[in-house]
Amino acid sequence: MASTADFKNGLVIEYNHDLYAITEFQHVKPGKGPAFVRTKLKSIRTGKVLDNTFTAGVKVVTARIEKRPHQFLFKDDYGYNLMNSETFEQVAVPEELINAPQLMKDGQEVDVLFHAETESVLSVELPAYVELVVTYTEPGIKGDTATNATKPATLETGAEIQVPLFINQDDKIKVDTRTNSYGERVK
């Protein structure tokens, strides 16, 4: 249990039968009436953000969340199979819990968020950028690089993203997993 005085950014609480991370909070003491804490809560499961106001001193139930390193092995009918990098235990994770499943390749290092009390998987986070090889794209034409034009490219995982015209087949590029977009070319 924690009171509103213990609130800090990143604290995970149980609220309305769901887990929420506090992304913003502000302690307000008006001239008239009791003090309160205005918060922005982000759902761990859905990512939905909601505003909520707690009266000062109210007790809330905190949840223990652990981030553990895992490695992506393969995909089958049960979902994406990940192996814990420390204990070598394997866990199957459904696709809905992964932020960018189309950018995961074999051997990819990911962070898995676990609810410590129930040992259930909450989400799988890929690194901010992943390096992937372009398996197919139309060849770029010399002289067309003056504008900020893009073309579709297929990556080694099968995902398709927009890349600048100077990117060719077999180039290694960095892809932003949060926006699913081209980052830069890797030398």
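Residues numbered from 1 in each chain as written. Predicted model: local features only at pLDDT ≥ 70, side-chain atom pairs only at ≥ 80, totals over all residues. Heavy atoms only, no water.

- In the annotation of an unreviewed UniProt entry, the entry for the chain reads Elongation factor P, and the organism field reads Roseivirga seohaensis subsp. aquiponti.
- According to UniProt, the comment filed for the chain under the heading Subcellular location (unreviewed entry) is "Cytoplasm". (UniProt positions renumbered as here; feature names shortened; annotations may be inferred.)

**A look at unusual backbone geometry**
Move 1: You will see that His-17, though not glycine, has its phi angle at about 60°, which is positive.
Move 2: Positive phi values are uncommon outside glycine, yet Glu-119 reaches one of about 55°.
Move 3: On the secondary structure map, Glu-119 appears in the loop between strand S10 (109-115) and strand S11 (120-125). (Helix = DSSP H or I, 4+ residues; strand = E, 2+ residues; numbered from the N terminus.)

**What about the nonpolar core?**
Note on soluble globular proteins: their nonpolar side chains tend to be buried together.
Move 1: Ranked by size, the top nonpolar core spans 26 residues in total, and within it Leu-82, Leu-103, Met-104, Val-124, Leu-155, Ile-173 and Val-175 carry the most contacts.
Move 2: Mapped onto this core, the elements with two or more residues apiece are strand S8 (79-84), S10, S11, strand S12 (129-137), strand S13 (150-155), strand S14 (160-164) and strand S15 (172-176).
Move 3: Look past the residues within four positions of Leu-82 in its chain and what remains in contact with it is His-70, Gln-71, Phe-72, Glu-89, Gln-90, Val-91, Val-93, Met-104, Val-110, Val-112 and Val-124.
Move 4: Judged by nonpolar contacts, the second largest core, of eleven residues, contains Ala-2, Val-37, Leu-41 and Val-60. (Core = buried A, V, L, I, M, F, W, Y, C linked by side-chain atoms within 4.5 Å. Buried < 20%, exposed > 50% of the residue type's maximum accessible area, 1.4 Å probe, protein only. Contact = heavy atoms within 4.5 Å.)

**Describing the UniProt feature "domain: Translation elongation factor P/YeiP central" (unreviewed entry) in the chain**
Move 1: This chain's UniProt record puts "domain: Translation elongation factor P/YeiP central" (unreviewed entry) on residues 67-122.
Move 2: For residues 67-122, helix accounts for 0% and strand for 54%, while the C-alpha atoms at its two ends are 10 Å apart.

**Examining the sheet that holds S10**
In a beta sheet, neighbouring strands are held together by backbone hydrogen bonds and run either parallel or antiparallel to one another.
Move 1: A sheet is described by the order of its strands in space; here five strands give the open sequence S9-S8-S7-S10-S11, paired in antiparallel fashion. What marks the edges here is a single partner per strand, and that holds for strand S9 (90-93) and S11. For this sheet, the mean inter-axis angle between neighbouring strands, taken without regard to orientation, is 40°.
Move 2: Across six bridges, strand S7 (residues 65-76) lies against S8 in antiparallel orientation. Within S8, the residue paired with Gln-71 across the bridge is Met-83. (Pairing = 2+ DSSP bridges. Axes fitted to C-alpha atoms, helices over the stretch in contact; angles between N-to-C directions.)

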